[in-house]
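# Architecture at a glance
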Amino acid sequence: MSNKNEVGKLLLRIMLGLVFAANGFAKFQGGIGNTAAWFESIGIPGFLAYAVGAIELVGGIAIILGLGTRIVSLLFGIIMVGAIFTVNLPAGFLNGYVFDLVLLVLAVHIVMNGSKLYALDQLIFKGREAKNS
């Protein structure tokens with residue numbers, strides 16, 4: 001049964017990483033300055049666009065590889081809470097924050113449960129776990 005759980009967590013981890021990496025890439029590809037200007041237009045400091053874009057792009061790649069999975073997922077969750085309350089809440093559930101809410105729940109699940117299958121963290125910290133047992 002645990003193998004099925006690990007496969008499920010792997011699928012969630014990869015999908016979460018793909019979605020965030022793609023969104024981070026789009027922010028930089030479209031001109032991160034444009035994203036910063038949009039942030040400022042809705043009352044968010046523009047420099048946060050650079051932080052959000054970097055977390056999404058680098059964090060998305062890291063989580064796909066299984067590096068810092070729980071920490072990256074926590075950062076993704078913070079970004080989603082910010083997106084829900086600063087941008088999408090007024091548009092309502094279906095037309096606004098439903099997708100962000102799903103990403104938030106995925107991120108929280110990974111924070112709480114981790115994802116060890118095919119994770120580079122498992123290779124890097126394998127010896128450390130054995131010593132702590």
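Numbers given for residues are sequential positions, taken from 1 along each chain in its written order. Selection of residues for local features in this predicted model requires a pLDDT of at least 70, selection of side-chain atom pairs for listing and counting requires 80 or more, and totals for whole chains, interfaces and linings are taken over all residues. Where side-chain values are given, they derive from all heavy atoms of the structure, hydrogens and water being excluded.

### So, the nonpolar core
We call a set of buried residues a nonpolar core when its members are Ala, Val, Leu, Ile, Met, Phe, Trp, Tyr or Cys and they connect through side-chain atoms within 4.5 Å of each other. Throughout, exposure labels follow a simple rule: accessible area from a 1.4 Å probe, protein chains only, divided by the maximum for the residue type, with under 20% read as buried, over 50% as exposed, and the rest as partly exposed. Membership of the largest hydrophobic core comes to 23 residues, with the highest contact counts inside it found for Leu16, Phe20, Phe76, Met80 and Leu103. Segments assigned H or I by DSSP are reported as helices when at least four residues long, segments assigned E as strands when at least two residues long, and all are numbered from the N terminus. Counting residues per element, the ones that place at least two in this core are α1 (2-29), α2 (32-41), α3 (47-65), α4 (69-88) and α5 (93-113). Apart from residues lying up to four places away in sequence, Leu16 is in contact with Ile63, Ser73, Phe76, Leu103, Leu106, Ala107 and Ile110. Contact definition: two residues touch when any of their heavy atoms are within 4.5 Å.

### Examining the confidence of the model for the protein chain
A residue's pLDDT is simply how confident the predictor is in it, with values from 0 to 100. Looking at the protein chain as a whole, its pLDDT mean stands at 92, while 94% of the residues score no less than 70. Mean pLDDT per element in the protein chain: helix α7 (residues 126-132) is the minimum at 58, and α3 is the maximum at 97.

### A look at the packing of α1 against α3
Look at α1 against α3: their axes get within 7 Å of each other, and the N-to-C directions meet at 145 degrees. Read as a crossing pair, α1 and α3 show a hand that is left-handed. Within the contact between the two elements, α1 uses Arg13, Ile14, Leu16, Gly17, Leu18, Phe20, Ala21, Asn23, Gly24, Phe25, Lys27 and Phe28 and α3 uses Tyr50, Val52, Gly53, Ala54, Glu56, Leu57, Gly60, Ile61, Ile63, Ile64 and Leu65. Under the convention adopted here, Pro, Cys and the residues Ala, Val, Leu, Ile, Met, Phe, Trp and Tyr are nonpolar, Asp, Glu, Lys and Arg are charged, and Gly plus all remaining residues are polar. Here the residues of the contact of α1 with α3 sort into 15 nonpolar, 5 polar and 3 charged. Each axis is a line fitted through C-alpha atoms, and for a helix only the stretch in contact is used; angles between axes span 0 to 180 degrees, taken between their N-to-C directions. A clockwise turn of the near helix away from the far one marks a right-handed crossing, whereas an anticlockwise turn of less than a right angle marks a left-handed crossing.

### Some points on the side chain of Arg13
When you line up the elements, Arg13 lands in helix α1. Under this definition, polar contacts are N or O atom pairs within 3.5 Å; protein pairs additionally need one hydrogen-donor-capable and one acceptor-capable atom, and for neighbouring residues in sequence, both atoms have to be side-chain atoms. Within the structure, Arg13 has its side chain in polar contact with the backbone oxygen of Ile64 (distance 3.2 Å). Residues contacting Arg13, with those up to four places away along its chain left out, are Ile63, Ile64, Leu65, Gly66, Thr69, Ile110, Ser115, Leu117, Tyr118 and Ala119.

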